[in-house]
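Results of the structural survey
Here's the letter readout for the chains.
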Amino acid sequence: MEDFISNWNYELGNMIGMTFFEPMQFMSMIIRFILNFVVVTIIARGFYFPKSQRRDYMFIFLIMSMSIFMLVNLMGSGDTLNTGAALGLFAIFGIIRYRTEAIPIREMTYLFIIIAMSAINGLVIEELTYSEMVLANLLFIASVWVCESDLVIRHLAYKVIKYDNMELITPDKETELIADLKKRTGLDIVKIEVGGIDFLKDAAIIKMYYRPTDGNTTNSVDTTIKAPSDEFKIKN
């Protein structure tokens, strides 16, 4: 079998400059791919999805991770990943960022984490051992877990609403305003921010922060549907 592979490598090398099979490189790619897929799944499915329930972003994270991993891994080692290739990656990300709809900051953060992890796992550097690569992935997982938990800071959910009782929007009646919003929404509201005000329509834009009762700090409606703030912009 080894003689067959060696002969094929020799023949292909002479014909097209490409080898048929390299056992060490093949096993390295498989191990790296499995590690990357497991870690990305843990972060996306274990940390992101329970709070957001966004299947569309789950699809993006997994496919983007595999794409970045294959792209970086097949482009070669750290010595051959030249400046032109790096600029090409930034150009691709720039097109994705500015040619698509606005992505919420939480989803954008997860996307950059997954891109960074996939690039690290896919980049072949001789000085980097598997233990160091595993440690880097574990540090990513631990960092996301700490940030998503309540160990550092208490997470609050928020909603942007159009409010109609103009008598309570003054700063001295903030307590009464919060009490009214609690009564109407049934949410444990912690603080509020009053935005644009339209006295002609007796309406104001209010962003209210509350403690989620089910552990979810966001949902798809909060991230896709907003109050029409264009109506409340100050016009000269």
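In this report, the structure presented in the accompanying data block is examined. (Residues numbered from 1 in each chain as written. Predicted model: local features only at pLDDT ≥ 70, side-chain atom pairs only at ≥ 80, totals over all residues. Heavy atoms only, no water.)

Turning our eyes to something else, we now look at the overall build of the chain. The secondary structure content of the chain amounts to eight helices and three strands. Counting from the amino terminus, helix and strand elements in the chain follow one another as α-α-α-α-α-α-β-α-β-β-α. For the chain, buried positions account for 30% of its 236 residues. For the chain, contacts bridging at least 24 residues in sequence account for 65% of all contacts bridging at least 6. When the accessible surface of the chain is summed, it comes to about 15500 Å², and 64% of that surface belongs to carbon and sulfur atoms. (Helix = DSSP H or I, 4+ residues; strand = E, 2+ residues; numbered from the N terminus. Buried < 20%, exposed > 50% of the residue type's maximum accessible area, 1.4 Å probe, protein only. Contact = heavy atoms within 4.5 Å. Areas by Shrake-Rupley, 256 points an atom, 1.4 Å probe, with all protein chains shown as cover.)

With that settled, consider the pairing of strand β2 (residues 188-198). Side chains on a regular strand alternate between the two faces of the sheet. Here β2 pairs with strand β3 (residues 203-211) via eight bridges, running antiparallel. Looking across to β3, one finds that glutamate 193 is bridged to lysine 207. (Pairing = 2+ DSSP bridges.)

Taken as a whole and assessed by the stated rule, the structure comprises five salt bridges. Residue arginine 106 is joined to glutamate 148 by a salt bridge in which the shortest nitrogen-to-oxygen separation is 2.7 Å. Here arginine 106 is found in helix α5 (residues 105-122), whereas its partner glutamate 148 is found in helix α6 (residues 130-148), with 42 residues between them in sequence. We note that arginine 106, like glutamate 148, is buried. Measuring nitrogen to oxygen at the nearest pair gives 3.4 Å for the salt bridge that ties arginine 211 to aspartate 188. Of this pair, arginine 211 sits in strand β3 while aspartate 188 sits in strand β2; the two residues are 23 residues apart in sequence, bridging distant segments of the chain. On the basis of relative accessibility, which here comes to 35%, the residue arginine 211 falls in the partly exposed class. Residue aspartate 188 is classed as partly exposed on the basis of its relative accessible area of 34%. Several salt bridges share partner residues, and in doing so they unite Asp164, Asp180 and Arg184 into one network. (Salt bridge = Lys/Arg side-chain N within 4 Å of Asp/Glu carboxyl O.)

This brings us to the packing of aromatic side chains. This model, assessed by the stated rule, comprises seven aromatic pairs. On the numbers, 5.1 Å between centres and 80° between planes, the contact of tyrosine 48 with phenylalanine 61 is edge-to-face. Here tyrosine 48, found in helix α2 (residues 23-52), pairs with phenylalanine 61, found in helix α3 (residues 55-74); they are 13 residues apart in sequence, far enough to count as distant. Overall, the relative accessible area of 1% leaves phenylalanine 61 in the buried class. With a centroid separation of 6.2 Å and an interplanar angle of 45°, the aromatic rings of tyrosine 158 and tyrosine 209 are classed as tilted. Residue tyrosine 158 is located in strand β1 (residues 157-163), and its partner tyrosine 209 is located in strand β3; the two are separated by 51 residues in the primary sequence. Exposure remark for tyrosine 158: the relative accessible area of 30% places this residue in the partly exposed category. By relative accessible area, which is 14% here, tyrosine 209 ends up buried. Taken together, the ring pairs in this structure connect Tyr48, Tyr57, Phe61 and Tyr110 into an aromatic cluster. Sitting over the ring of tyrosine 209, lysine 191 keeps its end group 4.8 Å from the ring centre. Directly above the ring of tyrosine 158 sits lysine 207, whose terminal nitrogen or CZ lies 4.4 Å from the centroid. (Phe/Tyr/Trp six-rings, centres within 6.5 Å; stacked < 30°, edge-to-face > 60°. Lys NZ or Arg CZ within 6 Å of the ring centre and 35° of its normal.)

Among the nonpolar cores identified, the biggest contains 23 residues, and Val39, Ile43, Phe47, Phe61, Tyr110 and Leu111 are the most heavily contacted of them. Among the secondary structure elements, those contributing two or more residues to this core are α2, α3, α5 and α6. For this core, the element with the highest residue contribution is α2, accounting for eight residues. Contacts of valine 39, omitting those with residues within four sequence positions, involve Met117, Asn137 and Ile141. Residues Ile161, Ile178, Ile189 and Ile206 belong to the second largest nonpolar core, which totals 15 residues. (Core = buried A, V, L, I, M, F, W, Y, C linked by side-chain atoms within 4.5 Å.)

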